[in-house]
Each structure stands twice: as structure tokens, then as C-alpha cells.
Amino acid sequence: MVYIRENFLRLVLVSLLAVFAAGCYKDLGNYDYKAINSIELGKMPDTLRVFQYDTLKVKLPVSALLDSSILDEPGRFTYQWIASTGNADYVLDSSRELKAYVVIPPGKYTLIFRMRDTKTNNLYSKKSNANALSVVTGTYEGWLVFSEVQGRAQLDMVNFVNGQAPTIARDILRNSPVIPRQLTGARDICYTYSTPTSNQVPGPGHDSTKVTAADAEWIYICTDQGAWKLRNDVLTTRWQWTIAREFILQDSASFRPGFCGNGRGIGVNGAYLYVYDNKGNFFERAPSAYYEASRPINNVSTEGKTFKAAPFFCRYQNTGRTFDAVLFDTEKKRFLRYTQGAGTCTPVQPNAIPDPLFDFNDVKKDLVWMKTTLFNTLTYAILRGADGATWLATFNLSSGTSQDRYVRLTGTDIDKATLFTVDRNYGTLFYAVGGKVYATSKFYPDQSYLVLDKGEEKITYLDQHIFLRSTYFSTDPEHPASHVMVGSYHEGTGVGTLEGYYPADFVNAHAAFTKKSAYTGFGKIRALSYRER
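Chemist: Would you mind going over a nonpolar patch on the surface in detail, with residue names and values included?
Modeler: Taken together, Phe-443, Tyr-444 and Val-507 make up a surface patch of nonpolar side chains, about 280 Å² in accessible area. Take Phe-443: it is sitting in the loop between strand S32 (436-440) and strand S33 (449-453). A relative accessible area of 44% places Phe-443 in the partly exposed class.

Chemist: Lay out the environment of Lys-57 with the relevant residues and their values.
Modeler: Note on placement: Lys-57 falls in strand S3 (residues 55-58). Taking relative accessible area as the criterion, Lys-57 reaches 58% and is therefore assigned exposed. C-alpha of Lys-57 to C-alpha of Ala-100: the two residues are 43 residues apart in sequence and 6.7 Å apart in space. Beyond its immediate chain neighbours, meaning those up to four positions away, Lys-57 contacts Leu-98 and Lys-99.

Chemist: Which residues make up the pattern of salt bridges, and what values do they have?
Modeler: Inspection of every chain in the model, using the stated rule, returns 21 salt bridges. For Lys-59, the salt bridge is made with Glu-97, and the minimal N-O distance between the two is 3.7 Å. Within this pair, whereas Lys-59 is found in the loop between S3 and strand S4 (62-64), its partner Glu-97 is found in the loop between strand S6 (89-93) and strand S7 (98-101), the two being separated by 38 residues in sequence. Of the residues examined, Lys-59 reaches a relative accessible area of 63% and is grouped as exposed. The partner of Asp-117 in a salt bridge is Arg-76, with the nearest N and O atoms 2.7 Å apart. With Asp-117 in strand S8 (residues 107-117) and Arg-76 in the loop between S4 and strand S5 (77-84), the pair connects residues that are 41 residues apart, well separated along the chain. Accessibility assignment for this pair places Asp-117 and Arg-76 in one class, buried. Several salt bridges share partner residues, and in doing so they unite Glu-73, Arg-76, Asp-117 and Lys-119 into one network.

Chemist: Would you mind going over the sheet that holds strand S37 (residues 513-522) in detail, with residue names and values included?
Modeler: Read across the open sheet, the four strands follow the order S34-S35-S36-S37; overall the sheet is antiparallel. Each edge of the sheet is formed by a strand with only one pairing partner; in this case those strands are strand S34 (458-463) and S37. Strand-to-strand, the axes of this sheet are offset by a mean angle of 20°, without reference to chain direction. The pairing of strand S35 (residues 484-490) with strand S36 (residues 495-503) spans seven bridges and is classified as antiparallel. Counted as the bridge partner of Ser-488 is Thr-497 from S36.

Chemist: With reference to specific residues and values, describe the nonpolar core.
Modeler: In this structure, Phe-335, Met-370 and Phe-395 are the most contacted members of the largest nonpolar core, which totals 35 residues. Going through the elements one at a time, strand S23 (325-329), strand S26 (366-372), strand S27 (379-384), strand S28 (390-396), strand S29 (402-409), strand S30 (419-422) and strand S31 (429-433) are the ones with two or more residues in this core. Ranked by the residues each element gives to this core, the list is headed by S27, at four residues. Excluding residues that lie within four positions of it along the chain, Phe-395 makes contacts with Val-326, Phe-335, Phe-358, Phe-360, Thr-377, Leu-378, Thr-379, Ala-381, Ser-402, Gln-403 and Asp-404. Within the second largest apolar cluster, 28 residues are counted, among which are Met-44, Leu-60, Tyr-79 and Val-135.

Chemist: I'd like to hear about the confidence of the model for the chain, residue by residue, with values.
Modeler: Taken as a whole, the chain shows an average pLDDT of 84; of its residues, 81% reach a score of 70 or greater. Note on residues 1-9: pLDDT under 50 across the span, and zero contacts to partners over four residues away in sequence or across chains.

Chemist: Quick one: what's the story with the packing of aromatic side chains, residue by residue and with numbers?
Modeler: Applying the stated criterion across every chain yields a total of 29 aromatic pairs. When the centroid spacing of 5.1 Å and the interplanar angle of 70° are considered together, the rings of Phe-358 and Phe-360 count as edge-to-face. Judged by centre distance (6.4 Å) and plane angle (40°), the rings of Phe-420 and Tyr-431 are tilted. Here Phe-420, found in strand S30, pairs with Tyr-431, found in strand S31; they are 11 residues apart in sequence, far enough to count as distant. Accessibility assignment for this pair places Phe-420 and Tyr-431 in one class, buried. Cluster of aromatic residues (ring-pair linked, three or more members): Phe-328, Phe-335, Phe-358, Phe-360, Trp-391, Phe-395 and Tyr-406. Across from the ring centre of Phe-522, 5.2 Å away, lies the NZ or CZ of Arg-170, which sits over that ring. Looking at Arg-174, its charged tip hangs above the ring of Tyr-101, at a distance of 3.7 Å from the centre.

The rules we used
Residue positions are given per chain, counted from 1 along the sequence in the order it is written. With pLDDT at 70 or above as the cut-off, local features in this predicted model cover only qualifying residues; side-chain atom pairs require 80 or more to be listed or tallied, and sums for whole chains, interfaces and linings still use all residues. The basis for the side-chain values is all heavy atoms of the structure; hydrogens and waters are excluded. Like charges within 9 Å and nonpolar side chains (Val, Leu, Ile, Met, Phe, Trp, Tyr) within 5 Å are joined into patches, using only residues over 30% in relative accessible area that form no salt bridge. Surface exposure here means Shrake-Rupley accessible area, sampled with a 1.4 Å probe, where a residue is shielded only by the protein chains that are shown. Each salt bridge in this description consists of a side-chain nitrogen of Lys or Arg and a carboxyl oxygen of Asp or Glu lying within 4 Å of one another. Here a helix means four or more residues in a row that DSSP labels H or I, a strand means two or more in a row labelled E, and each is numbered from the N terminus. Throughout, exposure labels follow a simple rule: accessible area from a 1.4 Å probe, protein chains only, divided by the maximum for the residue type, with under 20% read as buried, over 50% as exposed, and the rest as partly exposed. Should any heavy atoms of two residues lie within 4.5 Å, those residues are counted as being in contact. Strand pairing is assigned whenever DSSP detects at least two bridges linking the two strands. Only the contacting stretch of a helix is used when fitting its axis, a line to C-alpha atoms as for every element, and angles between N-to-C directions run 0 to 180 degrees. The criterion is simple. A nonpolar core is a set of buried Ala, Val, Leu, Ile, Met, Phe, Trp, Tyr and Cys residues joined through side-chain atoms within 4.5 Å. Values of pLDDT, ranging from 0 to 100, describe the predictor's confidence in every residue of the model. Pairing of aromatic side chains here covers Phe, Tyr and the six-membered ring of Trp, requires ring centres within 6.5 Å, and sorts the geometry by plane angle: under 30 degrees stacked, over 60 edge-to-face, intermediate tilted. Charge-over-ring contacts are defined here by two conditions on Lys NZ or Arg CZ: a distance within 6 Å of the ring centre and an angle within 35 degrees of the ring normal.

Given below as C-alpha cells:
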């Protein structure tokens, strides 16, 4: 009995020792504990500033804690860059490095970067400081450049903002939901300013009953696919603003204007606007009204039919309503006078001037080019006869009836030229052939001077721009109103360049060019205008 009790106590003691030993046992098992290969995102820039219609670039540092090779695994991660106002989010890019063409509205934004691991579904994100990203308007004041880039019609703008170095807003119409994505056939661009009368455009987004800067200033673009009216501040449009609707109050698939606006040579009296349909017809739009589709102005009331007009609408640059326009009848080869609001043209009376140099009503030559200039208020007309000879007629039909010169031009390669302009300060006539620009004069028609040689580049645009507001009527050599603008294109590189030159006096300095500005990265420049402020 005693023996059994001792054995039982001994067994209990052994069990307790075993339990105690188990509690003190050190686990020497083979277990694999690994640190997580987490992603680390660097610091966002403190401030970012980008022009609308420019490219925003940001490279945020990204690293992996243990193994950075996973960052290069194809398809392992997705990315998203977001500009947030707090009320609205705009996705800018889906790449690790931000490179975005910025079309979002000007304003302040918080920039957000998000990165997701598709294997672990882990999400990593980084935020900038509140309102760190500033998108500022990229279309303030400057040159509107309409060019052809690989078959596309492209609108760019050289901007001068608050005295800063010029910037270029590229391909402004690229993301427009209204304008065709494959816009082709750049023909013309024109900034118009129609205050003090309202500028009638169908809504929404426009109030034709109010006279404000936004509702009075517009930019027209004309292509072989149609024409659109753009708001001058942000260069956007709506489908209701196609020129076909403004023209005839309904869509027209066949309407392809070649010119639209105030006219080359008209000043700030833009209440009357004009459109050329590229088929020989001009139409006029009176203040606060639509264009009259059924009443082309290229007609003479006593003749009862329209004539085929050349694509030139020339009037002296002045705000007064007494200055008439000049049109050219390509069928009867005659110059005609047009008074705004008249609806019909008026022939020049045969006895209007004594001893005429040529017959206004039958010049017997085809019109190649025509422009009314500030130089002595003259209209310059380049004419070619059946023999191929080139003639210059200078006259005044805007504020009177007079003839100034009628001379044959015999300068170098003048008979091959199709691009011309006239200098407002000296009256020098410039013309382009291939990659060269020559100067000649109505006083010395047998003389010409080479003022620019672009070598392998071909000149696609040549003109001295006519500004609308009187604040731009400067004759200063540094002011763009005095510059001859030249657009050239290099076929090998596919790059177009816009340059501004100040021309010297023809007699004393042979109209030598001095380069004042140069911008590149365009296509074949077809048209140019200036957004004034």
C-alpha cells in the first residue's frame, strides 16, 4: 500500500518535470520569415507650372525595398496621374513618368500619382501639396499659326504672356470633340474683333445679346473640311458654331470656305464680316445677323447675275464706314467697288479719272494677288496676261477713284512668283520664289534685290500682317506690325519655321531684311493671324 502510493507520487513528479521542461524548451524548427518587398515613392515637386496646350513632365522617384527588378517586370504595375481640384479629377497620363499634353482648364490643382501592383493588388499613392500644380492659359496674345503636318491641319500659337519669353502652344485642336480628328486642308485663319455690336452665334455658350470681350472677339479657321468659330480666349468651339450654321442656319456638308473674317485691310469696324466660299462667291454678315446665303455680294445690280470673284476682299485699314472694298471679277477681268451693307457691287465710271493708266472695267489680265495697304492707302494688284508677263497696278478705290502706277515688273523670276506682300512703311513689294524672297518697287519695276535665301527650305507663307486695333499701328522696327512674316518648310526634316523680318528702305538700303524673330517646330505654314489684346 505504501509502495503503490510512492510510485504514484513518483509518477506525478516526473509528469510535472516534463511539463516544466517543455515550457523551457527552445524552438529550433526551420521556419522562413521574410521582410515584405514594399514600394517606396519619392517626393513630389513643391510647385509645378505649365501652359495649357503644352506638355507637363514629372519623374517621381520609385524604388523597391529589397528587389528593384520587379519594377521592370512587364505588366506588373499600372499607373495613373491625376490633376484634382477637389471637385473634379482629370486623368493626365497612365505611365510611370508623367508626360502629358495639357488640355484641362486653367487653374490650381493637386497632382496625384497612383501605382498598383497587379500581383499583390497593393496600391501606392503620392500627393503634391494642395494647389501645387498651376495650369495657366497658353493662348493669351501672339501668332496663330495654321499649318499642314503630315497631311493634317494643325493650329499652334506663339504666345507672349506678361512679358515672359515666348512659348508655343502645340496642336491646340487635337483633342477637340467637335472638330474632325483628321482635320485636313488648312486654308485660312483670322482673328476678328466685332465690338461694339454683338457677334451672332448660335448657343449654347454664347450670349448674342451682350457685348463682352468673349462674345465680340472670335477666331475663324477654314479648311477643306469646313470652317469653325473658336472662342478667342481658350480656342474652343461647339458644333453649333460651325460656319455652315452661322452661314445658313443649318448644317451643309458641301460648304468649304476659303476665307472668313473682317477682310484683309479692314480695321476694328468689324460689325460687318465676310466669307468666301472658295467657289467665287462672297457673302456679307451685317451686325447682329447671320450671313445671307441667298444673296452673294459679288453681283452688279444692273446686270442681274453674280460674277465669279477672285478670293481677295481689300479695304483700307480704318474704323470709318466710308471706306469701300475692292473686289475683282475674274470673268470680265474688272475691278469693282463694294460698300458695306450695299449687297451689290458698283462698276467704276469710265470718266471717273482723266487719262487712266488702265481700264478698271477691263484690265485684260488675270488677277494673281491683291492687297490694300497703309502705304498711301493704295491697293496693290499683281496681274498676268496671256503672254505670262507680270504687271503691278496701284490705285485707290476705297476712299475715292484714282490710279497711281501701272508698270510691268521684270525682276528676277517675278513671273514664277505666287506669294507677295507689300511693306506698309516704304511701299516695297516683296515676292517669293522657291526659298528666296526678292524686293522690287513700283518706282523701279525693272530692279529687284534678293533679301532672303532659305537654301533648301521652300517658302510657303509671305505677308505683313494687318492688325485691327490702333494700338498695333506702330511703325517701330521692333514692332511686329512692321515685320514681314515668312513661313518656310524643309522637306527633308518635315519642319516648318516662322520668322519675322524688318525691311529697310528700298532706295537707300535695297530693302535689306533684318531678322527680328524666329520660331520653329511647325508644318507647312499656310495661314497666319495674330490674337490681339
